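# Report on the structure
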Amino acid sequence: GPYAGAEALKALRRGLNVFLFSDNVPLEEERAVKALAAKKGLLVMGPDCGTAILGGVPLGFANAVRRGSIGLVGASGTGLQQVTTRIHALGGGVSHAIGTGSRDVYDAVGGTTLLAGLDLLARDAATRVIVIVSKPPQPKVLDAALARARSAGKPVVVLFLGASVASAGNIHGVATLDDAAAAAVALANGETPRRIEPEPVPGLDAAIAKLASTQKLVRGLFSGGTYCTEAQLVWRDAGLEAWSNAPLEKSHALAPGVRAAGHSAVDLGVDEYTVGRPHPMIDPAMRIECIREEARDPAVAALLLDVVLGYGANADPAGALAPAIREARAVAARDGRELVVIAFACGTEDDPQPLSQQRAKLAEAGALLAPGSAAAALAAARVARR
């Protein structure tokens, strides 16, 4: 991270667009890099850009999805992965997916890459529908992004997780990652978007019936920051108060070094957990440690896990987590407790780790399988509110 900004400047001076995966890049360096990119008419995806698909070519963490007419731009790597894979599952296809890096939507950065990405997709003949995926931008960026989207001349699906965007004209506001994919595919097919209700998680009622009355807490252990945010939003709507190291509100921030308190959602991909170690989508060691720790807590009823497939990720993420899931459930069973593990996989059958095989490994380890991220979060809320 401390060296990446200088390398990006070198690339821009040579007339190259930049995909900058590194995190821990100082904010002032990000501003300088993007200011030079804007001056030269080049694109800087990042810093901390996890995902992009340009003309069918995956960069960073990305999935094998069919080509098509839906273009995406987002300040959320796993958000882009979830939406692109759901588009694929619904029969649609992706023209491009442009990552911006998570801080691009700060007023201090100005949404430079978000706005440039919107302009590129608006001009792209292969793109008929545009999708924006991000946590809520800060005010100036929010206004600029919506103004640019309105002038795109194409339908634009807008998901700012946690912020309501009214549907009007060519703007279609949605609330979840799955809704964004469904709306984009509908628009690409010339249909009117409609909200998709999350499917129930098979086996959940039977698992809930085995829980002790003392087991009250749910803990989300996420490798993807967007999933961590979406879970908190779903839980808040369900009346649950959750704590996080990436909280919706500062009043619910976990103390430094603390990984759990009450109901909690932890993003294990933030800078504090990736200094000197690979991202948890590559190396599951930190998450395995967390699973073991949670299994020993008699108040914990359920764990919520995301399993992200695709290029760049662990060669067998479900296989790597399966022993820890089995061990955690066995530890709880020895103490006379049930431990509900709810998992969902983000990927496609064409990924290097085929989706069906990964889901089978999770099920064999005793995890309950949710069809998507929102459904998984709703299932965890049901456990907490039973």
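Cut-offs applied
Residues numbered from 1 in each chain as written. Predicted model: local features only at pLDDT ≥ 70, side-chain atom pairs only at ≥ 80, totals over all residues. Heavy atoms only, no water. Helix = DSSP H or I, 4+ residues; strand = E, 2+ residues; numbered from the N terminus. Buried < 20%, exposed > 50% of the residue type's maximum accessible area, 1.4 Å probe, protein only. Contact = heavy atoms within 4.5 Å. Core = buried A, V, L, I, M, F, W, Y, C linked by side-chain atoms within 4.5 Å. Polar contact = N/O pair within 3.5 Å; in protein donor to acceptor, adjacent residues only side chain to side chain. Phe/Tyr/Trp six-rings, centres within 6.5 Å; stacked < 30°, edge-to-face > 60°. 1 Å grid on protein atoms, 1.4 Å probe; cavity = no way out; pocket = protein on both sides within 12 Å on 5 of 7 lines; lining within 4 Å. Points joined across faces, edges and corners; volume = space filled by probe spheres on them. Pairing = 2+ DSSP bridges. Nonpolar A, V, L, I, M, F, W, Y, C, P; charged D, E, K, R; others polar. Salt bridge = Lys/Arg side-chain N within 4 Å of Asp/Glu carboxyl O.

Next up on the list: the environment of L12. Note that L12 resides in helix α1 (residues 4–13). Overall, L12 belongs to the buried group, its relative accessible area being 0%. Ignoring anything within four residues of it in the chain, the contact list for L12 reads V18, V33, L36, A37, K40, L42 and V44.

Ranked by size, the top nonpolar core spans 63 residues in total, and within it W235, L304 and I342 carry the most contacts. Every residue in contact with W235, bar those within four places of it in the chain, is listed here: V218, G220, L240, A242, S264, A265, L304, A377, A380 and A381. Membership of the second largest hydrophobic core comes to 32 residues, among which are L303, L321, A328 and A332.

With that settled, the discussion passes to the environment of R66. Looking at where R66 falls in the secondary structure, it is placed in the loop between β4 (57–60) and β5 (67–74). Take R66: its relative accessible area is 36%, and that puts it in the partly exposed class. In this structure the C-alpha to C-alpha distance between R66 and P139, which are 73 residues apart in sequence, comes to 35 Å. Not counting residues within four places of it along the chain, the set of residues in contact with R66 comprises I87, H88, G91, G92, G93 and V94. Within the structure, R66 has its side chain in polar contact with the backbone oxygen of G92 (distance 2.8 Å).

Per the stated rule, a full pass over the model turns up 2 aromatic pairs. Plain terms: the ring middles of F21 and F61 are 5.5 Å apart, the flat faces sit at 65° to each other, and that makes the pair edge-to-face. Of the two residues, F21 sits in the loop between β1 (18–19) and α2 (27–40) while F61 sits in the loop between β4 and β5, which places them 40 residues apart along the sequence. Pairing Y227 with F344 gives two aromatic rings, centres 4.9 Å apart and planes at 85°, and the pair type is edge-to-face. Of this pair, Y227 sits in helix α8 (residues 225–237) while F344 sits in strand β14 (residues 340–346); the two residues are 117 residues apart in sequence, bridging distant segments of the chain. When its relative accessible area of 2% is taken as the criterion, Y227 is described as buried. According to the relative accessible area criterion, F344 is buried, its value standing at 1%.

By volume, the second largest pocket amounts to about 470 Å³. The wall of the second largest pocket is formed by 29 residues, among which R86, D178, E199, P371 and G372 lie closest to the centre. Put simply, the parts of the chain that give the lining of the second largest pocket at least two residues each are α3 (77–89), α6 (177–188), β14, α12 (355–364) and α13 (373–385). Ranked by residues supplied to the lining of the second largest pocket, first place goes to α3 with 5 residues.

Another point: the pairing of β4. As judged from the 4 bridges shared by strand β3 (residues 51–54) and β4, these two strands associate in the antiparallel manner. When the sheet's bridge partners are listed, L54 is paired in β4 with V57.

One pass over the structure, following the stated rule, counts 3 cavities of 30 Å³ or more. Taken as a whole, the largest cavity encloses approximately 80 Å³ of empty space. Every residue lining the largest cavity is listed: S223, P280, M281, P284, R287, D306, V307, V308, N314, P317, A320 and L321. Of the residues belonging to the lining of the largest cavity, the class tally is 8 nonpolar, 2 polar and 2 charged.

For the rest of this paragraph, the subject is the pattern of salt bridges. Within the structure shown, the criterion is met by 19 salt bridges. For E30, the salt bridge goes to R103, with nearest N and O atoms at 2.9 Å. A residue pair is termed long-range when its members are at least 10 positions apart, and E30 in helix α2 and R103 in the loop between β6 (94–99) and α4 (112–123) qualify at 73 residues. A relative accessible area of 1% places E30 in the buried class. A single salt-bridge network, built from bridges that share partners, covers E30, K34, R103 and D104.

Attention shifts here to unusual backbone geometry. Residues G46 and P47 are joined by a peptide bond in cis, for which omega reads 5°. Within the fold, P47 resides in the loop between β2 (44–45) and β3. Although it is not a glycine, N24 adopts a positive phi angle of roughly 60°. Position of N24 among the secondary structure elements: in the loop between β1 and α2. A positive phi angle, close to 60°, is found at D48, a residue other than glycine. Along the polypeptide, D48 turns up in the loop between β2 and β3.

Keep in mind these numbers describe shape, not what the thing actually does.
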